[in-house]
Structures are given as structure tokens and as C-alpha cells.
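# Structural overview
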Amino acid sequence: MIASLSPTITEPRLISSMSSVSATVTPCLYSISLIHSPAKQRKARNSRLRASTASLSMQTTKDIIDVPISKKVLVPIGYGTEEIEAVVLVDVLRRAGAEVTLASVEQKLEVEGSSGTKLLADVLISKCSEQVFDLVALPGGMPGAVRLRDCGALEKIMKRQAEEKRLYGAISMAPAITLLPWGLLTRKKTTGHPAFFGKLPTFWAVKTNIQISGELTTSRGPGTSFQFALSLANQLFGETTAKSVEELLLLRDGYQNPKTEDFNSIDWSLNHTPRVLIPVANGSEEVEVVTITDVLRRAKVDVTVASVERSLRITASQGIKIVTDKLIGEAAESTYDLILLPGGRTGSERLQKSKVLKKLLQEQQEGGRIYGATNSSSTVLHKHGLLKEKRTAVYVSDTEGPANDQMIEGAEVVIDGNVITSLGLATVTDFSLAIVGKLFGHGRARSVSEGIVHEYRGNLKA
């Protein structure tokens with residue numbers, strides 16, 4: 001249940017009911033591409049995953065569900081915006097059916113986030129000045145929150161949003177750094193990032209992951225981004241839609257108590273700064289790409305995001321455009337300590353077709369170096385013969401060969417020697433932190449986890 005994800009404090013507010021229309025399922029809502037075991041004993045959990053995968057394979061042209069009427073949402077970004085928060089907001093709200101505009105407050109569309117990921121906005125903020133939005137949601141990050149605060153066009157949009165009593169929200173540093181100077185926290189209970197909590201109005205500051213006060217919703221940081229976005233989806237579209245998206249993101253029921261399993265444990269520590277390659281393609285899951293990159297860079301890992309396409313720019317599964325660091329051909333000139341493949345059904349298929357990436361992965365295995373995958377990209381490793389006798393977090397199969405049915409039931413992250421796999425999507429933070437823990441120890445993983453306001457469990461079971 002959404003309410004069970006974290007403590008949420010809500011003040012009474014009259015929310016108008018939303019009517020629904022019957023429409024064809026859209027690809028954005030069902031872009032999960034987990035591969036799983038057909039074994040009968042895998043009951044409730046895998047039945048949900050099978051339903052999601054089936055929707056994908058059928059291209060969702062026949063199934064009909066009730067889809068709420070679309071709502072317009074604005075997510076502004078600037079130099080130094082926290083990319084996890086921005087991307088999760090766009091991803092979740094688009095899955096819920098919102099028409100989301102990612103707008104740059106800079107003089108150009110390309111915006112570099114706080115951890116170095118470059119996002120390509122849909123429009124400049126000036127194009128949004130005369131539009132009416134059902135929700136405006138601000139990501140945090142530094143100096144991103146300052147860049148948002150200093151944007152006059154955005155300030156006018158937000159003040160009009162509040163005056164006309166339409167929904168608005170802010171996460172992490174944005175409540176204290178952006179909304180407070182604009183006078184938009186007056187008599188509003190508010191939460192925010194622990195490092196900036198002291199800047200909030202003393203008698204109105206609340207230490208909770210999600211705080212709803214009238215039209216305003218606030219949250220704490222990257223680690224609470226999914227909860228924040230789902231809360232906003234709930235207010236826009238209702239509980240049924242929010243729960244559906246929550247389940248697709250692997251945030252419900254059995255995923256409430258994530259587990260990481262470590263088999264055939266070996267030492268991953270290095271005597272140099274770890275070098276990591278993250279190959280991406282059109283259709284890769286943006287949440288996974290951005291989260292892995294962000295978390296590892298916070299841990300002082302040298303991360304290269306490389307496109308297997310002909311362009312540095314790729315369009316991810318929910319339509320977010322990411323500008324990568326290199327093309328895969330240039331990236332292949334170097335050697336990496338880890339190669340990590342993000343998921344996404346279409347993205348995985350395109351990664352699978354890259355001959356350069358295949359060669360890199362085979363050399364990675366032959367050199368005894370570390371590699372891994374999230375979500376459907378585990379199948380890429382399987383098809384290249386890189387998961388033989390390896391336990392995985394997902395069931396991988398190949399119509400051209402035998403299945404690798406060594407899925408570990410109930411685990412979100414599985415490490416087997418020098419191979420790591422994950423269910424992906426909302427579980428990718430634990431995947432990333434598990435890597436940090438293996439490379440540097442639990443101390444650094446815990447420190448990174450605290451910075452993003454995420455609970456680090458570090459409960460590896462050998």
C-alpha cells in the first residue's frame with residue numbers, strides 16, 4: 001500500500017474526484033520488462049511480474065483499462081538539479097498518465113545535474129509562462145535549487161499556482177532554498193532534506209518523508225523520490241492509478257523488505273579509483289541509468305555512460321532524453337573494473353545487438369572483472385553466455401537455448417562472485433549501494449545512503 005511506504009502526514013483538504021475514461025493501455029504505463037520463472041510455486045509476486053511482462057510482449061494493443069483524464073505537470077530543472085529527483089518525478093507521473101513537461105530554467109535545453117548526468121529538457125521555461133498546470137513539482141539539488149529560485153519566470157508560475165490553489169510540490173533542498181524565499185511556505189507544514197531542515201520555519205517543520213499541507217507536498221531527498229512522486233500521482237489521479245504504478249515499479253508487498261544475497265563471495269576492493277561503464281540505448285530505463293550513475297559518483301567512482309546508438313543523445317523508456325559521455329566505440333578503448341547494464345525492454349534489445357558491447361563483456365568475463373545487469377538486461381548477459389551457473393535476481397530464458405533457472409526467490413539484488421543482478425526500477429538504489437558496499441565497505445555505502453535519505457540495510461547473506 002502507498003501509505004505503508006513511509007510515514008506521511010496529511011492535512012485535511014478537499015480534493016475533487018476525478019472521472020475516468022476507458023482507453024487503450026499506453027506503453028509508458030507498462031514499460032517493465034522483467035523476465036521471470038514459470039514455476040508454479042512462485043505465486044503472488046511472480047504473477048504480478050508475469051502480468052507486466054505479458055502486457056509488454058503483446059504491445060498492449062488489446063487490453064483495455066480505465067485511464068484517468070490526463071493532467072498537465074511541469075518539472076523545472078537547472079544546472080545542479082538532483083537528477084534522481086527530476087527523473088523519478090517525470091517517470092512516475094508519465095506512467096500515471098500525466099502530460100509532463102521537463103523545462104530548463106537555463107538559456108539552453110541541455111542541463112547538467114548535480115552528479116554530472118546531462119538531461120535534455122523539452123522546452124525552456126519561458127515557453128511555460130502562459131500555460132496552466134495541474135501540478136508544478138520542483139526537484140532539489142545544489143546549486144539546482146538556487147538556480148530555480150533565481151528564475152523570475154518560474155517564480156511567477158509558482159506564485160500563480162499557489163494563488164489559484166493548484167497543486168505544487170518540492171523535494172530535498174527546494175522547500176528551504178526555493179519556496180521559502182518566495183513566501184510559499186507561510187503557514188504550511190513542511191519537510192525537506194535533513195541537511196537543510198534547520199532553514200525551514202521552526203514551528204512548521206516536520207520530520208517525515210512526505211508532508212501534505214493543503215495544495216503543497218514536500219519530501220526529503222532522492223531516497224524518498226518514489227514516495228513523493230506517487231503521493232502526487234495519488235492527488236492527481238486517485239489511489240487506484242497510484243497503486244497500479246506503485247506495483248509496476250516494484251514498490252509493493254514483497255518488495256517492502258528488500259533482500260540482497262551474496263554467493264561465492266569474493267573481494268571487490270581495488271587499490272585505485274574504480275572505473276565503471278554504463279552502456280545505454282534508446283529505450284533504457286532512465287531511472288536505472290540515472291540512479292546507478294548518481295549513487296556511484298557520490299561514492300567517488302569514475303563512471304562513464306556510453307551510448308550504443310549513433311548519437312550521444314538517447315531517448316529513454318519514458319521519453320526523457322539523456323546526453324551520454326561517449327559513444328560505445330570510444331568507450332571501448334578503455335578497460336573498466338565494472339560494466340553495468342540498465343534494463344528497459346527496448347533498451348535491452350538494442351544493447352544485445354551491439355557487437356562492440358558484446359566484445360567488451362566477453363573480455364570483462366575473461367579478465368575476471370565484474371559485470372552486472374538490472375531488470376531485462378540480465379537476458380543480454382545470458383544470451384552472451386555470461387551467466388552460466390550464476391545465480392540471479394531474475395529468471396532469464398532464451399528461445400535459442402536453455403534457460404538459466406537459478407533465480408533466487410525473494411531477493412532484489414543477487415551477487416554471485418563477480419556478477420551482480422537486480423530486479424531494477426525502484427530496487428536499483430539498493431543495487432547501486434550493494435556495489436558501493438562491495439567496493440569500499442559498508443561505511444561508505446551507509447554514508448552515501450544517508451546523503452540521499454535512503455535506508456541502507458547492508459544485510460548481505462553469504
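Residues numbered from 1 in each chain as written. Predicted model: local features only at pLDDT ≥ 70, side-chain atom pairs only at ≥ 80, totals over all residues. Heavy atoms only, no water.

## Topic: the overall build of the protein
Inclusion rule: Secondary structure counts use DSSP, requiring at least four H or I residues in a row for a helix and at least two E residues in a row for a strand, with both numbered from the N terminus. Here's how the labels work: a residue is buried when its accessible area is under 20% of the maximum for its type, exposed when over 50%, partly exposed in between, all with a 1.4 Å probe on protein chains only. Contacts are assigned to residue pairs with any non-hydrogen atoms lying within 4.5 Å of each other. Accessibility throughout is a Shrake-Rupley quantity obtained with a 1.4 Å probe, and a residue counts as covered only by protein chains that appear here.
Summing up its helical and strand segments, the protein has 14 helices and 24 strands in all. Looking at the 462 residues of the protein, the share that counts as buried comes to 59%. A fraction of 72% describes how many contacts in the protein between residues 6 or more apart in sequence connect residues 24 or more apart. Of the roughly 18,300 Å² of accessible surface on the protein, 49% is carried by carbon and sulfur atoms.

## Some points on the state of the cysteines
Put simply, the rule reads: To count as a disulfide, a pair of cysteine sulfur atoms needs to be within 2.5 Å.
Scanning all chains against the criterion turns up 0 disulfides. Cys128 forms no disulfide, and the closest cysteine sulfur to it belongs to Cys151, at a distance of 9.8 Å. Judged by its relative accessible area of 9%, Cys151 is buried.

## Re the pattern of salt bridges
To keep it simple, the criterion reads: Salt bridge, as used here, is a side-chain nitrogen of Lys or Arg placed within 4 Å of a carboxyl oxygen of Asp or Glu.
Across all of its chains, the model carries 22 salt bridges by this definition. In this structure, Glu455 and Arg457 form a salt bridge, with 3.7 Å as the shortest nitrogen-oxygen distance. In this structure Glu455 comes out as exposed when scored by relative accessible area, which is 55%. A relative accessible area of 32% places Arg457 in the partly exposed class. A network of salt bridges, in which partner residues are shared, links Glu82, Asp294 and Arg298.

## Topic: the sheet that holds strand S6 (residues 110-112)
Here is the rule: Two strands make a pair as long as DSSP finds a minimum of two bridges between them. Only C-alpha atoms enter the line fits that serve as axes; for helices the fit covers just the stretch in contact. Angles between N-to-C directions range over 0 to 180 degrees.
Taken together, the 4 strands give an open sheet; going across it, the order is S6-S7-S17-S16, and neighbouring strands pair in antiparallel fashion. With partners counted over all chains shown, the strands left at the sheet margins are S6 and strand S16 (313-315), one partner each. For this sheet, the mean inter-axis angle between neighbouring strands, taken without regard to orientation, is 30 degrees. Bridging between S16 and strand S17 (residues 321-323) involves 3 bridges; their strand directions are antiparallel. Across the sheet, the residue bridging to Arg313 is Val323, located in S17.

## Some points on the environment of Gly198
Mapped onto the fold, Gly198 is located in the loop between helix H5 (174-179) and strand S11 (210-213). Taking the C-alpha atoms as reference points, Gly198 and Ala176, separated by 22 residues in sequence, lie 8.8 Å from one another.

## With respect to the sheet that holds strand S13 (residues 260-263)
Note on sheets: strands pair through backbone hydrogen bonds, and any given pair is parallel or antiparallel. Pairing is mixed across the open sheet formed by 8 strands, whose spatial order is S13-S23-S24-S20-S19-S14-S15-S18. Strand pairing shows two members of the sheet lacking a second neighbour, S13 and strand S18 (326-327), which therefore form its edges. Two strands pair when backbone bridges link them, and strand S23 (residues 413-416) and strand S24 (residues 419-422) are joined in this way by 4 bridges, in the antiparallel orientation. Pairing of Ile415 across the sheet is with Ile420, part of S24. Sitting on the sheet, helix H8 (residues 286-298) touches strand S14 (275-280), strand S15 (302-307), strand S19 (338-341) and strand S20 (370-374), and the angle it makes with S15 is about 160 degrees.

## Notes on empty space enclosed by the protein
Empty space among the atoms can be located by rolling a probe the size of a water molecule over them. For clarity, the threshold we go by: Cavity means a closed set of points on a 1 Å grid over the protein atoms alone, one where a 1.4 Å probe fits but cannot get out, pocket means an open set with protein on both sides within 12 Å along at least 5 of 7 lines, and lining means a residue has an atom within 4 Å of a point. Grid points are joined across faces, edges and corners, and a volume is the space filled by probe spheres set on the points. Residues are grouped as follows: nonpolar covers Ala, Val, Leu, Ile, Met, Phe, Trp, Tyr, Cys and Pro; charged covers Asp, Glu, Lys and Arg; every other residue, Gly included, is treated as polar.
Tallied over the full model, the rule gives 3 cavities of 30 Å³ or more. In this structure, the second largest cavity encloses a volume near 50 Å³. Along the walls of the second largest cavity sit Gly116, Thr117, Lys118, Val289, Val290, Thr293, Arg297, Val305, Ile322, Val323, Thr324 and Asp325, which together make up its complete lining. Elements represented by at least two residues in the lining of the second largest cavity include exactly H8 and S17. In terms of residue count, H8 provides more of the lining of the second largest cavity than any other element does, 4 residues in total. Tallied by class, the residues present in the lining of the second largest cavity amount to 5 nonpolar, 4 polar and 3 charged.

## Remarks on the confidence of the model for the protein
What counts here: Summary of the metric used: pLDDT quantifies the predictor's per-residue confidence within the range 0 to 100.
Mean pLDDT over the protein: 86, with 81% of residues reaching 70 or higher. Across residues 1-7 the pLDDT falls below 50, and counting only partners more than four positions away or on other chains, this stretch makes 20 contacts in the model. Low pLDDT, under 50, characterises residues 11-65; the stretch is placed with 121 contacts to residues that sit more than four places away or in other chains.

## Focus: helix H6 (residues 225-237)
As a reminder, the rule being used: Each residue after the first adds 1.5 Å to the expected span of a helix.
When the terminal C-alpha atoms of H6 are compared, their 18 Å separation across 13 residues agrees well with the 18 Å that a helix rising 1.5 Å per residue should span. With 12 of 13 residues buried, H6 lies mostly within the body of the structure. Of the residues making up H6, those classed as buried are Ser225, Phe226, Gln227, Phe228, Ala229, Leu230, Ser231, Leu232, Ala233, Gln235, Leu236 and Phe237. Looking at the residues trailing H6, positive phi occurs at Gly238, about 105 degrees.

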